[in-house]
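# Chain and residue survey
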Amino acid sequence: MLAARRMCTVNSGIRTSIIAGLFCLACAAQPLARAQPSEEPADVVAKPVRNQILDDELTQEERDKAYDDLAKEVVQIERQSNALRKIAKLARPAVVHIEAEKTEPSTTRPGKKKSVEEAGAGTIIDVGGKFFVLTNRHVIKAAELKNIKVRLADGRILTPTNVVSDSETDVAVLTVSATRLVTARIGDSDQTDIGDFVLAMGSPFGLSHSITHGIISAKGRRDLELGEDGVKYQDFMQTDAAINPGNSGGPLLNMRGEVIGMNTAIASSSGGSEGIGFTIPINMAMVIAKQLIERGAVVRAYLGVQLDSKFGPNAAFRLGLPRQAGTRVTAVVPNSPAEIAKLQADDVILEFNGVRIDDDMHLVNLISLTEVGKEVPVIIFRNKQVVNVSVKVAKSLGSK
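Residues numbered from 1 in each chain as written. Predicted model: local features only at pLDDT ≥ 70, side-chain atom pairs only at ≥ 80, totals over all residues. Heavy atoms only, no water.

When you go through the chain residue by residue, the secondary structure sums to eight helices and 25 strands. A total of 400 residues make up the chain; the buried ones form 42% of that total. Residue pairs at least 24 apart in sequence account for 63% of intrachain contacts in the chain once pairs closer than 6 positions are excluded. As displayed, the chain offers around 23100 Å² of accessible surface, 51% of which is attributable to carbon and sulfur atoms. (Helix = DSSP H or I, 4+ residues; strand = E, 2+ residues; numbered from the N terminus. Buried < 20%, exposed > 50% of the residue type's maximum accessible area, 1.4 Å probe, protein only. Contact = heavy atoms within 4.5 Å. Areas by Shrake-Rupley, 256 points an atom, 1.4 Å probe, with all protein chains shown as cover.)

Of note in the backbone geometry, phenylalanine 205 takes a positive phi value of approximately 55° without being a glycine. Topologically, phenylalanine 205 is positioned in the loop between strand S11 (197-202) and strand S12 (210-221). For asparagine 335, which is not glycine, the phi torsion reads 65° and is therefore positive. Within the secondary structure layout, asparagine 335 lies in the loop between strand S20 (327-332) and helix H7 (337-340).

Relative to the 20 Å expected for 14 residues at 1.5 Å per residue, helix H5 (residues 282-295) spans 19 Å between its end C-alpha atoms, a close match to the ideal helical length. Restricting attention to buried positions, one finds in H5 the residues Ile282, Met284, Ala285, Met286, Ile288, Ala289, Gln291 and Leu292. Along its buried surface, H5 packs onto strand S5 (113-127), strand S6 (130-136), strand S9 (162-166), strand S10 (171-175), strand S16 (259-266) and strand S17 (277-281). A positive phi of about 85° marks glycine 296, the residue just after H5. (Expected span 1.5 Å × (residues − 1).)

This next bit is on the pattern of salt bridges. The final tally for this structure, using the stated rule, is 12 salt bridges. The shortest N-O distance in the salt bridge between arginine 222 and aspartate 235 comes to 3.0 Å. Remark: aspartate 235 occurs in the loop between strand S13 (224-225) and strand S14 (236-239) and arginine 222 occurs in the loop between S12 and S13; sequence separation between them is 13 residues. Taking relative accessible area as the criterion, aspartate 235 reaches 22% and is therefore assigned partly exposed. Between aspartate 347 and arginine 382 there is a salt bridge, and its shortest N-O distance comes to 2.8 Å. Taken as a pair, aspartate 347 in the loop between H7 and strand S21 (348-352) and arginine 382 in strand S23 (residues 375-382) lie far apart in primary sequence, 35 residues in all. The buried category is assigned to aspartate 347, whose relative accessible area is 1%. Exposure remark for arginine 382: the relative accessible area of 17% places this residue in the buried category. One continuous salt-bridge network, built from bridges that share partners, spans Arg222, Asp235, Asp358 and Asp359. (Salt bridge = Lys/Arg side-chain N within 4 Å of Asp/Glu carboxyl O.)

So, about the pairing of S9. Here S9 runs beside S10; their pairing, made up of five bridges, is antiparallel. Of the residues in S10, the one forming a bridge with asparagine 162 is threonine 175. The antiparallel pairing of S9 with S10 creates a hairpin that spans four residues between the two strands, and aspartate 170 there sits at a positive phi of about 65°. (Pairing = 2+ DSSP bridges.)

Ranked by size, the top nonpolar core spans 34 residues in total, and within it Leu134, Val171, Val173, Ile280 and Leu292 carry the most contacts. If you list the elements that add at least two residues to this core, you get helix H3 (75-91), S5, S6, S10, S11, S16, S17 and H5. Ranked by residues supplied to this core, first place goes to H5 with seven residues. The residues touching valine 173, leaving out its near neighbours within four places in the chain, are Phe132, Val133, Leu134, Asn162, Val163, Val164, Ala289, Leu292 and Ile293. Within the second largest apolar cluster, 18 residues are counted, among which are Val305, Ile349, Phe352 and Val378. (Core = buried A, V, L, I, M, F, W, Y, C linked by side-chain atoms within 4.5 Å.)

Here the focus is the pairing of strand S4 (residues 95-105). In this structure, S4 lies alongside S5, joined through 11 bridges in antiparallel fashion. For glutamate 99, the partnering residue across the bridge sits in S5 and is alanine 119. Both S4 and strand S7 (residues 148-151) contribute to a ladder of four bridges, which runs antiparallel. Each bridged residue has a counterpart across the sheet, and for isoleucine 98 the counterpart in S7 is valine 150.

There is a patch of like negative charges on the surface, built from Glu61, Glu62, Asp64 and Asp68. Relative to the assigned elements, aspartate 64 resides in helix H2 (residues 60-73). Classification of aspartate 64 as partly exposed rests on a relative accessible area of 38%. (Patch = residues over 30% accessible without salt bridge, like charges linked within 9 Å, V, L, I, M, F, W, Y side chains within 5 Å. Lys, Arg positive; Asp, Glu negative; His and termini not counted. Charge placed at Lys NZ, Arg CZ, Asp CG, Glu CD.)

Here we come to the confidence of the model for the chain. Per-chain confidence: the chain averages 85 in pLDDT, with 84% of residues scoring 70 or above. Here residues 10-40 is modelled with pLDDT under 50, and outside its nearest four sequence neighbours on either side it reaches 17 contacts, counting other chains as well. Per-residue pLDDT stays below 50 along residues 50-54; that stretch engages in one contact with residues further than four places along the chain or on separate chains. (pLDDT = per-residue confidence, 0-100.)

So, on to the side chain of threonine 135. Counting through the fold element by element, threonine 135 comes out in strand S6. Judged by its relative accessible area of 0%, threonine 135 is buried. Only 2.7 Å separates the side chain of threonine 135 from the backbone oxygen of alanine 121, close enough to count as a polar contact. Here threonine 135 is in contact with Ile98, Ala121, Gly122, Asp170, Val171, Ala172, Leu174, Ser248, Gly249 and Met262, once residues within four sequence places are set aside. (Polar contact = N/O pair within 3.5 Å; in protein donor to acceptor, adjacent residues only side chain to side chain.)

As structure tokens, then:
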């Protein structure tokens with residue numbers, strides 16, 4: 001598993017401080033070459049050195065023309081820059097800065113507690129005509145309502161009236177009430193692909209509404225170690241947009257200004273951005289958020305199969321597949337939806353509800369986000385043939 005850091009700014013005081021380090025890069029000194037005697041006669045006069053600066057000087061007319069040519073060449077760059085400005089202007093009012101003051105055991109004074117403030121970001125969303133802030137659970141975890149402050153882009157500070165969260169996805173929803181709230185436009189993360197340009201917005205090191213620019217560099221990251229609580233259901237998109245402590249819970253935006261992810265973690269040896277950030281796809285986050293709002297908890301679907309976490313090319317070839325694909329069923333739980341649908345051990349599930357399966361955790365995530373009681377098409381590979389079945393998922397035994 002890849003270890004990653006969550007991105008709250010953690011402080012023992014109320015304000016965030018920034019310490020900038022200056023590093024001197026020293027060149028390795030090379031020995032000076034010993035001067036060699038000149039082979040030219042002493043009476044030969046050296047030729048004058050060509051004055052490159054003077055020879056390259058332009059007349060005012062030539063300078064004006066060069067500026068005009070440059071202006072024509074950067075039109076496309078300016079169009080992209082204008083698009084980034086519009087995205088920032090549209091998204092900014094819907095992004096909030098969050099401060100959560102809490103107490104935790106002191107590491108230096110056994111039996112004592114210390115005050116800690118975690119800072120992150122969030123996005124204002126509209127669900128059923130009501131306003132909520134979508135953020136990461138680890139931003140507000142263990143903080144009392146009265147100690148959570150939501151700072152809007154216009155400077156107003158709100159205290160949420162309710163908080164609900166899901167530890168297994170690290171998603172939290174804060175209920176807020178105020179006039180003139182601006183909500184974000186939610187995009188479709190399923191349509192986001194590797195190489196797409198994106199913007200990250202949040203509060204790195206407490207600097208609210210900061211924006212960075214990059215691309216989606218990978219999808220389907222499901223093997224991250226995320227702190228003590230962990231995150232069971234993972235399907236992160238990876239981005240090289242600079243993400244730092246304090247960006248947790250903030251949005252990742254596409255070039256249409258739509259939210260397509262919630263920034264959650266980074267892989268870093270220094271604690272700061274090294275170009276590897278992870279964001280929860282917004283489709284996944286919104287499914288969880290709506291259940292938290294409507295039910296107060298997440299109800300997950302259940303298929304009833306045990307899967308081969310080590311399913312690889314050799315096993316795929318043994319079963320008759322031309323290449324590794326999907327995930328192999330190792331056992332079927334009695335009286336489960338899978339048994340009712342007549343799934344069998346050694347079936348390879350290739351597609352679930354129209355989505356091609358990458359591996360076992362990919363299928364687990366898809367099932368967990370499926371509406372309980374929904375009947376979905378499943379494509380399996382059995383005895384060297386492709387078989388279509390229909391499965392009606394049930395409520396997971398672990399759901400409330």
